[in-house]
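# Inside the fold
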Amino acid sequence: MFLCSEVHAAESVACLNLALNRLKDIWEEIGIPEDQRLQRTDVVKKHIKGLLDMMIAEEDSLRKRLMSSIESCRKELDVLCTELQLSPFEDEGRTMLQLEKDIRSRLEVMMKQKSQRVKELKTLYKQDRELCDVMCSVPFCIDMDSVPSLEQLDSYHSYLNDLTKEKDRRHGEFVGIKRQIIVCMEELDQLPDTSFERDVVCEDEEAFCLSSDNITALQLLLGQLEDRKTENELVCSSYRTKIQELWERLQVPQEERDGMSEHMVQSRKKNMDALQTECLRLEQLKIKNMRNVLEAIRAEVALFWERCYYSLEQRQAFTPYYSDDYTEEMLNLHQAELLSLKKHYEDHRELFEGVTRWQDSWTLFLQLEKKATDPSRFNNRGGNLLKEEKQRADLQKSLPKLEKSLKTQIDLWEEEQYREFLVNGQRFLQYVQEQWELLRLEKEREKNERQLKKNQQIEQDMLYGTAQRTPSKRRLAETPTPGKARKLNATSSISSTPNSTLRSAFGGTMCQSPVLRPPMSTSKIPLRTPGRVVRTPRTVERNKENISHLNGTTLSSVLRTPASRCNITVNSVASTYSEFSCIGRNVPIFLEST
């Protein structure tokens, strides 16, 4: 650049010299004298010098203006950088014109940023004031006289966003609580009394101050109204319960009850007043019908005695129950006893329900046990026998588990209450053990009875030679069952006749048996027909003699030995043909069953 300036200066000097030489030529051609030519040259020099001085002055003025502008812009820029919290401007490596241009451009940009920040701050501050007026909160802490930084503006934005959300939340909560308050006041037939209540119910929702104190006051007001509403509902519920009890005890017709149907559902002030009036009317009617009311209460007392498993001694301890004095005092005693029983039942409902479940299961178990001994159950249709057996097996498993669970609950209850849990006047587990013991004794008794009947049947069969037929167990003669009757080696030569039968002393089953054919000399003895025995006094005496002859060994062993092990042969019973024929006609032969 410096070389270019020298070239321009040399060209300017050359032009000036050329112009002076041209002027000299013109002056010589004109014939201007030397002294005038010097004057004219001096004028030209002064003119050129003045022109250059003027140009220099103008350029120097421009330089000074640039320097002044740079200085002033630099000061403003430094202030803005400080206000906007930006880094200072750097001017290294720039000419004066470029520096002035850059500084001015940067200054314009920063001025614009400042203006935007200030404007945004004012907008945020206005929004903050509106929210603060609505929520009665403290404004955001920021200096309005200074230019905020970007971080401050971002923080301000976040604060206002959170405040707006809180305002919306409080407004929604206010609207919801307001609706509940209005509903409660309507149900309570109550009008707004205080200025705060009027502001809540009557004023515009947008005009309500959503401060934390007001929201707390709203919640408190709603709580008070709900408490009053709950209190009214409890009062109405107690009235309804009492009315229902009196209706049942006094046997009020359904038509009169239907007239109170509206008040038996709602719990407003007018409903409570109507219920109170009805309750007073029924109380007066109760006094007039004291005997019926007292009998109804006694029925309830007896019901709760059953539910609480009161023993006879516990029931007799309440002597007014057995009194014939129907007075108001007696009624109060019964009502107090009924309330005590209800409270006792509710306090220990879980235990009593557990005992009831055990009692129901035990009753069903006893029924199934009784059915298990009933022979007619084998004639069932539809698989009832299988269902009963499965149900009985399930009860045998579930009853001990239920008893164990109840034992744990009762032990815990007794530790907490420091007293015994009684069922029918005795401890529950003792009661359960007694029930199981009674069941065991009953089974033992039934077993002994069956054994006794069995032995008596054996004695009867041995005495009279008869056995009961079981119709359901009859078998055809063409298909004899192996093992039920066996031909003996000792009687292999004896021919069989269809007129004699074998009787089992234990099963009662009738089957054909080989019998000796009587000789011709005994043809006058009456013959037996199948299924029937014809006896004469003489034959009965012979039977008694034969039985008395067997009492020493065979008969006593038969009575003591099961049927499956009984083995009486012909040789052990009769030693002569006459004795054998007598036994064949009147006494059944017992064969070993396989």
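Residues numbered from 1 in each chain as written. Predicted model: local features only at pLDDT ≥ 70, side-chain atom pairs only at ≥ 80, totals over all residues. Heavy atoms only, no water.

The chain is annotated in an unreviewed UniProt entry as Protein regulator of cytokinesis 1a from Hucho hucho.

### A word on the overall build of the chain
Summing up its helical and strand segments, the chain has 18 helices and four strands in all. For the chain, the residues scored as buried account for 31% of the 594 residues in total. For the chain, the proportion of contacts with a sequence separation of at least 24, taken over those separated by at least 6, is 68%. Just so you have it, the chain exposes about 39,200 Å², and 53% of that area is on carbon and sulfur atoms. (Helix = DSSP H or I, 4+ residues; strand = E, 2+ residues; numbered from the N terminus. Buried < 20%, exposed > 50% of the residue type's maximum accessible area, 1.4 Å probe, protein only. Contact = heavy atoms within 4.5 Å. Areas by Shrake-Rupley, 256 points an atom, 1.4 Å probe, with all protein chains shown as cover.)

### Examining the packing of aromatic side chains
Summed over the entire model, instances satisfying the criterion amount to eleven aromatic pairs. Judged by centre distance (4.5 Å) and plane angle (20°), the rings of Phe 140 and Tyr 156 are stacked. You can see Phe 140 sitting in the loop between α3 (96–135) and α4 (150–188) and its partner Tyr 156 sitting in helix α4, a full 16 residues away along the chain. Of the two residues, Phe 140 and Tyr 156, neither departs from the other in class, the shared state being buried. Here Trp 362 and Trp 436 contribute two aromatic rings whose centre-to-centre distance is 4.7 Å and whose plane-to-plane angle is 70°, an arrangement assigned as edge-to-face. (Phe/Tyr/Trp six-rings, centres within 6.5 Å; stacked < 30°, edge-to-face > 60°.)

### Some details on a nonpolar patch on the surface
A cluster of nonpolar side chains, namely Leu 51, Leu 52, Met 54, Met 55 and Ile 56, defines an oily patch on the protein surface of about 470 Å² accessible area. Within the fold, Ile 56 resides in helix α2 (residues 34–83). Residue classification places Ile 56 among the exposed residues on the basis of a relative accessible area of 55%. (Patch = residues over 30% accessible without salt bridge, like charges linked within 9 Å, V, L, I, M, F, W, Y side chains within 5 Å. Salt bridge = Lys/Arg side-chain N within 4 Å of Asp/Glu carboxyl O.)

### Looking at the packing of helix α12 (residues 349–372) against helix α14 (residues 428–464)
Two quantities define a packed helix pair, namely the angle between the helix axes and the distance between the axes. The geometry of α12 relative to α14 is characterised by a closest axis approach of 13 Å and an angle of 0° between their N-to-C directions. When the axes of α12 and α14 are compared, the pair comes out roughly parallel. Between α12 and α14, the contacting residues are Val 355, Trp 358, Gln 359, Trp 362, Phe 365, Leu 366 and Glu 369 on the first element and Phe 428, Tyr 431, Val 432, Gln 435, Trp 436, Leu 439 and Lys 443 on the second. Looking at the contact of α12 with α14, its residues break down into ten nonpolar, two polar and two charged. (Axes fitted to C-alpha atoms, helices over the stretch in contact; angles between N-to-C directions. Parallel < 35°, antiparallel > 145°, perpendicular 65-115°, else oblique. Nonpolar A, V, L, I, M, F, W, Y, C, P; charged D, E, K, R; others polar.)

### Section: the nonpolar core
For soluble globular proteins, the rule of thumb is that nonpolar side chains tend to be buried together. Of all hydrophobic cores here, the largest spans 48 residues; its most connected members are Trp 247, Leu 275, Leu 282, Trp 358, Phe 421 and Phe 428. Here this core spans two domains, and each of domain 1 (156–267) and domain 2 (280–375 + 385–463) adds at least three residues to it. Discounting chain neighbours no more than four positions away, the residues touching Trp 358 are Leu 399, Leu 402, Glu 403, Leu 406, Phe 428, Tyr 431, Val 432 and Gln 435. Membership of the second largest hydrophobic core comes to 15 residues, among which are Ile 177, Cys 184, Val 200 and Phe 208. (Core = buried A, V, L, I, M, F, W, Y, C linked by side-chain atoms within 4.5 Å. Domains from an automatic or database assignment.)

### Topic: helix α8 (residues 269–288)
In an α-helix, one turn spans 3.6 residues, which is why side chains three or four residues apart end up on the same side. A rise of 1.5 Å per residue sets the reference length of α8, with its 20 residues, at 28 Å; its end C-alpha atoms lie 29 Å apart and thus fit the reference within 8%. Within α8, burial applies to Asn 271, Met 272, Ala 274, Leu 275, Glu 278, Cys 279, Leu 282, Glu 283 and Lys 286. Looking at the buried positions of α8, the neighbouring elements they touch are α6 (212–250), α9 (290–307) and α11 (328–347). (Expected span 1.5 Å × (residues − 1).)

### Some points on the pattern of salt bridges
A complete count under the given rule lists 31 salt bridges for this structure. A salt bridge links Asp 60 to Lys 64; its shortest N-O distance comes to 3.5 Å. With Asp 60 and Lys 64 both in helix α2 and four residues apart, the pair spans about one turn of that helix. A relative accessible area of 27% means that Asp 60 is categorised as partly exposed. Lys 269 is the partner of Asp 273 in a salt bridge, and the nearest nitrogen-oxygen pair spans 3.4 Å.

### Focus on the UniProt feature "coiled-coil region" (unreviewed entry) in the chain
Here the UniProt feature "coiled-coil region" (unreviewed entry) sits at residues 265–300. Counted over residues 265–300, helix gives 86% and strand 0%. Its end C-alpha atoms are 25 Å apart. (UniProt positions renumbered as here; feature names shortened; annotations may be inferred.)

### A closer look at unusual backbone geometry
We note that Cys 136 has phi near 55°; this positive angle belongs to a residue other than glycine. One can find Cys 136 in the loop between α3 and α4. One non-glycine residue with positive phi stands out, namely Tyr 309, at about 55°. Structurally, the position occupied by Tyr 309 is in the loop between α9 and α10 (312–316). For Tyr 309, a relative accessible area of 12% translates into the label buried.

### Focus: α14
Taking 1.5 Å of rise per residue, the 37 residues of α14 would be expected to cover 54 Å, and the 53 Å separating its terminal C-alpha atoms lies within 8% of that figure. If you check which residues of α14 are buried, you get Phe 428, Tyr 431, Val 432, Gln 435, Leu 439, Ile 458, Asp 461 and Met 462.

### Some words on the environment of Lys 443
Within the secondary structure, Lys 443 sits in helix α14. As for Lys 443 and Lys 370, which are separated by 73 residues in sequence, their C-alpha atoms are 9.9 Å apart.

### So, a negative patch on the surface
Together, Asp 199, Glu 203, Asp 204 and Glu 206 give the surface a local cluster of negative charge. Structurally, Glu 203 is set in the loop between α5 (195–201) and α6. Take Glu 203: its relative accessible area is 43%, and that puts it in the partly exposed class. (Lys, Arg positive; Asp, Glu negative; His and termini not counted. Charge placed at Lys NZ, Arg CZ, Asp CG, Glu CD.)

### Thoughts on the confidence of the model for the chain
When pLDDT is averaged across the chain, the result is 74; 75% of the residues are at 70 or more. When mean pLDDT is taken per element in the chain, α2 scores highest with 88 and strand β3 (residues 501–503) scores lowest with 34. Across residues 471–594, confidence stays below pLDDT 50; counting only partners more than four residues off in sequence or on other chains, it has 138 contacts. (pLDDT = per-residue confidence, 0-100.)

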